[in-house]
Amino acid sequence: MKFGVVVFPGSNCDRDVVWVTDGLLGQPTRMIWHQDTDISDIDVMVIPGGFSYGDYLRCGAIARFSPVMQATVEHAKQGKFVIGICNGFQVLTELGLLPGALVRNRDLHFICDRVPLTVVNTKTPWTASYSANEVIMMPIAHGEGCYYCDENTLTQLEANNQVIFRYGSTPTPHGAENPNGSLNNIAGICNGQGNVLGMMPHPERASDPSLGQTDGMKLFKGLL
Ligand SMILES: N[C@@H](CCC(=O)O)C(=O)O
């Protein structure tokens, strides 16, 4: 499985992902500058966290126009894997590869914390290694992480089991532990086909045992 990790001006989690996919998992991994367009050798495109283009206008609003993102749309259309983590999730919603938007956190503060998540759909290639409704811990770090979409979209996401991770230690959509005000406690969703995943928590920061958290590793391992 070959991983491609996009690098925008302002990305800051790109090397963390490379450390997991290459350093810990030994998978071929290539860093891809945002102006590159040939990604034909890549199986899994990773849009990493950070502050692409300084988060100007809105997080992800400028990055979505990068040449590599147009190539990523084609990659996704072929049914290949795309994952957006944190800023990457924001870019994927701006791009329209995932529905909805990430808006300012409920309390209007940047949140840097470690939170419980429930894996609510394990029937995806991303989450096949987790057990149903498994509660895991992952770091979050964002200012615009409140997931929002219109009512129809929300109904569809729930009906199609496209909600993959929820904040809190219960699979119910309205559990009490919701750090940022996301609708239905949504922390991660996939597209209709299941090959595109976006999530605000950082699995790459919860993969190396030396960091004391490894709940994110199953997500990367599940793809292999
Ligand atoms: N820049 C984004 C996300 C940060 C990250 O990807 O770690 C925000 O503050 O919402």
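Once a new chain begins, its residue numbering starts again from 1 and follows that chain's sequence as written. Two thresholds apply to this predicted model, a pLDDT of at least 70 for residue-level local features and 80 or more for giving and counting side-chain atom pairs, whereas whole-chain, interface and lining totals are computed over all residues. The side-chain values count all of the structure's non-hydrogen atoms but skip hydrogen atoms and water molecules.

### Some remarks on the pattern of salt bridges
Definition used for salt bridges: Asp or Glu carboxyl oxygen within 4 Å of a side-chain nitrogen of Lys or Arg. Across all of its chains, the model carries seven salt bridges by this definition. Across the salt bridge formed by Asp107 and Arg106, the nearest N and O atoms sit 3.7 Å from each other. A salt bridge links Glu134 to Lys218; the shortest N-O distance between them is 2.9 Å. Note that Glu134 is positioned in the loop between β6 (111-119) and β7 (135-142) and Lys218 in helix α5 (residues 217-222), a separation of 84 residues in sequence. Secondary structure elements follow DSSP: runs of H or I no shorter than four residues count as helices, runs of E no shorter than two count as strands, and numbering proceeds from the N terminus.

### Thoughts on the UniProt feature "active site" (unreviewed entry) in the protein
UniProt positions are given in the numbering used here, feature names are shortened, and annotations may be inferred rather than shown by experiment. Within the UniProt annotation, "active site" (unreviewed entry) is assigned to Cys86, His202 and Glu204. Spatial clustering of the annotated residues is evident: they stretch over 119 residues in sequence, but the largest pairwise C-alpha distance comes to 10.9 Å. Within the fold, Cys86 resides in the loop between β4 (81-85) and α3 (87-95). Burial classification: accessible surface area is computed with a 1.4 Å probe over protein chains only, and a residue below 20% of its type maximum counts as buried, one above 50% as exposed, and the rest as partly exposed. The buried category is assigned to Cys86, whose relative accessible area is 5%. What makes two residues a contact is simply this: any of their non-hydrogen atoms within 4.5 Å. With sequence-adjacent residues up to four places away left out, Cys86 is seen in contact with Gly49, Ala141, His142, Met199, Met200 and His202. Looking at where His202 falls in the secondary structure, it is placed in the loop between β11 (196-199) and α5. Look past the residues within four positions of His202 in its chain and what remains in contact with it is Cys13, Gly49, Ile85, Cys86, Met138, Pro139 and Ala141.

### Focus on helix α4 (residues 151-159)
When α4 is considered as a whole, its buried residues turn out to be Thr153, Leu154 and Leu157. Along the long axis of α4, the arc covered by the buried residues comes to 100°, so they all point the same way. Exposed positions of α4 whose direction lies more than 90 degrees from the buried face are Glu151, Asn152, Thr155 and Ala159. For α4, the secondary structure elements touched by its buried residues are β8 (146-148), β9 (163-167) and β10 (186-190). Think of it as the arc spanned by the lines of direction from the helix axis to the C-beta atoms.

### Considerations on the packing of aromatic side chains
Two rings from Phe, Tyr or Trp (for Trp, the six-membered ring) form a pair when their centres sit within 6.5 Å of each other. Planes less than 30 degrees apart are called stacked, planes more than 60 degrees apart edge-to-face, and all others tilted. For the structure on display, the rule yields five aromatic pairs. Between Phe81 and Trp126, the aromatic rings sit 5.3 Å apart at their centres with planes inclined by 70°, giving edge-to-face as the arrangement. Taken together, the residues Phe81 in strand β4 and Trp126 in the loop between β6 and β7 connect sequence positions 45 residues apart. Classification of Phe81 as buried rests on a relative accessible area of 19%. Here Trp126 falls in the buried class, since its relative accessible area comes to 0%. By the criterion adopted, a ring carries a charge over it if an Arg CZ or a Lys NZ lies within 6 Å of its centre and within 35 degrees of its normal. Its end group placed over the ring of Phe65, Arg64 keeps NZ or CZ at 4.4 Å from the ring centre.

### Some thoughts on the sheet that holds β9
Whether parallel or antiparallel, the strands of a sheet pair through hydrogen bonds between backbone atoms. Ordered by their spatial adjacency, nine strands build an open sheet running β2-β1-β3-β4-β11-β10-β9-β6-β7, and the pairing between neighbours is mixed. Bordering the open sheet on either side are β2 (29-33) and β7, each of which pairs with just one other strand. The mean inter-strand angle of the sheet, taken between neighbouring strand axes irrespective of direction, is 25°. Strand pairing is defined by DSSP finding a minimum of two bridges between the two strands. As paired strands, β10 and β11 are joined by three bridges and run antiparallel to one another. Across the sheet, the residue bridging to Gly188 is Met199, located in β11. As a rule, the C-alpha atoms of each element are fitted with a line to give its axis, helices using only the stretch in contact, and angles between N-to-C directions run from 0 to 180 degrees.

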